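Residue-level structure breakdown
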Amino acid sequence: THTHTHTRTYHARSSTARSPVFPRGGVMSTKNLPFSAGDRVLCFHGPQLYEARVEDNKVVQGSPEYLIHYAGWKKSWDEWVPESRVLKWSDANLAKQKELDAYHGGKKKGKKTGKATKRASKSDGEVEPPASKRPRAGRSKAGVQSETEFSNRPEVKVAVPDEIKHRLIADWENVTKNKKLLKLPAKITVDTLLKDYLAQAKSAKVNQIGKEVVAGLKLYFEQAFGTLLLYKFERPQYEELLAENSEPSWCSVCGADHLIRLFVKLPMLLAHTTLDEKSLHQLVAVLQDFLKFLVKSGNKYFGDYQAASAEYIAKAK
């Protein structure tokens, strides 16, 4: 997943991404596309690559798209993606997949074939489409859901706009490839961003539950920041901030760049809430309305990166 108006994307510039074949003087046909139904491929979701299968293809306004099924994931995760996210199944691209996994701690438990891992690593900065973690059958003690109870819970799915996904890709590249860090404290913090969102919300329904959702979002961000939302390269910066203030409010330190990382984690986190289906639907509606607001705001809320010093890079190894 989730990122990404638009900043340049990592996969859009990848030399391994295949370009569509345009018939000379004619309209693009699906027969000319490099990937077709049944092809085994690798597909970007966030900054990582996953084993996938092409289910179908189409051309929309001259641009090829593919219906992707991620190996090991429920069919509900199938999605149409642009060609820039699809790579040929090859030794070179499998090596790229391993390289991306290594940047996320190298502790994934996926098979060597590239099968998507089913659990999110606590040290990951960016994330895969999270699978529902199910308790083992028989664990139906008080306060613990049985496997049947858990599987019957409504599925939580937050649709992250492509513009946000592209930003997440660029964010990953800046930190892990270019050895850059987001300047902190951010010029516009999460606190200010969320206040601005609530102030502009036109829908009465959004206003009604928006404050509760924003409060919950801030709580999730505060709790997840140090364990789920950082790249390995950012750990020394995080430790330096803690040394300056042992109990910081991350919402008053970080900006939109860190906050959007949370949205790819949210389905996994929300899957364990006790909210009923109606409440979850209202929650997701506000979250997606917020993401639309962020997209419409362009670059306003996103921060700047600065090159890390040689001393910092040595410390981060």
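Residues numbered from 1 in each chain as written. Predicted model: local features only at pLDDT ≥ 70, side-chain atom pairs only at ≥ 80, totals over all residues. Heavy atoms only, no water.

**Describing the overall build of the protein**
Just so we agree on the cut-off: Secondary structure follows DSSP: runs of H or I at least 4 residues long count as helices, runs of E at least 2 residues long count as strands, and numbering of each begins at the N terminus. Using a 1.4 Å probe on the protein chains alone, a residue whose accessible area is under 20% of its type maximum counts as buried, one over 50% counts as exposed, and one in between counts as partly exposed. Accessible areas in this description were obtained via Shrake-Rupley with a 1.4 Å probe; residue shielding takes into account the shown protein chains only.
The helix and strand inventory of the protein stands at 9 helices and 7 strands. Counting every position in the protein, which comprises 317 residues, the buried fraction comes to 48%. Accessible area for the protein stands at about 16,200 Å²; split by element, carbon and sulfur atoms hold 49% of it.

**Some remarks on the pairing of strand β1 (residues 40-45)**
Worth spelling out the cut-off: A pair of strands is labelled paired if DSSP reports no fewer than 2 bridges between them.
The buried count for β1 comes to 5 of 6 residues, which makes it a mostly enclosed element. Note: β1 against strand β2 (residues 48-60), 6 bridges, orientation antiparallel. Bridge pairing links histidine 45 to glutamine 48 in β2. Counting the residues between successive antiparallel strands, the hairpin from β1 to β2 contains 2 residues, one of them, glycine 46, with a positive phi of roughly 70°. Two elements, β1 and strand β5 (residues 86-88), share 3 bridges in a ladder whose sense is antiparallel. Looking at β5, one finds that cysteine 43 is bridged to valine 86.

**Overview of the packing of helix α3 (residues 162-177) against helix α7 (residues 256-270)**
The following threshold applies: For helices, the axis comes from a line fit to the C-alpha atoms of the stretch in contact; other axes are also lines fit to C-alpha atoms, and the angle between any two N-to-C directions lies between 0 and 180 degrees. We call a crossing left-handed when the near helix sits turned anticlockwise from the far one by less than a right angle, and right-handed when that turn is clockwise. Contacts between residues were defined by any pair of non-hydrogen atoms, one from each residue, lying within 4.5 Å. Only Asp, Glu, Lys and Arg are considered charged in this grouping, and only Ala, Val, Leu, Ile, Met, Phe, Trp, Tyr, Cys and Pro are considered nonpolar; every other residue, Gly among them, is considered polar.
Running from amino to carboxyl end, α3 crosses α7 at an angle of 115°, the nearest separation of the two axes being 10 Å. Here α3 runs over α7; the crossing is left-handed. Facing Ile164, Arg167, Leu168, Asp171 and Val175 of α3, the residues of α7 in contact are Asp257, Ile260, Arg261 and Val264. In the contact of α3 with α7, the residues fall into 5 nonpolar, no polar and 4 charged.

**Here we look at the environment of aspartate 56**
Its place among the elements puts aspartate 56 in strand β2. For aspartate 56 and glycine 38, which are 18 residues apart along the polypeptide, the C-alpha to C-alpha distance reads 8.0 Å.

**Quick look at the pattern of salt bridges**
Between side chains of opposite charge, a pair can form as their charged atoms come close. What counts here: Each reported salt bridge corresponds to a side-chain nitrogen of Lys or Arg within 4 Å of a carboxyl oxygen of Asp or Glu.
Applying the stated criterion to the full structure yields 10 salt bridges. For aspartate 304, the salt bridge goes to lysine 187, with nearest N and O atoms at 3.3 Å. You can see aspartate 304 sitting in the loop between α8 (277-296) and β7 (305-307) and its partner lysine 187 sitting in the loop between β6 (180-182) and α4 (190-200), a full 117 residues away along the chain. Under the relative-accessibility criterion, aspartate 304 is labelled partly exposed at 36%. Note that glutamate 240 is salt-bridged to lysine 315, the shortest N-O span being 3.4 Å. Within this pair, whereas glutamate 240 is found in helix α6 (residues 235-244), its partner lysine 315 is found in helix α9 (residues 310-316), the two being separated by 75 residues in sequence. Taking the relative accessible area as the measure of exposure, glutamate 240 reaches 34% and is therefore partly exposed. For lysine 315, a relative accessible area of 47% puts it in the partly exposed group.

**Observations regarding the sheet that holds β2**
Strands sit in the order β4-β3-β2-β1-β5 across an open sheet of 5 strands; the sheet is antiparallel. Of all the strands in the sheet, just β4 (79-82) and β5 have a single pairing partner and so form its edges. Neighbour to neighbour, the strand axes of the sheet diverge by 50° on average, direction disregarded.

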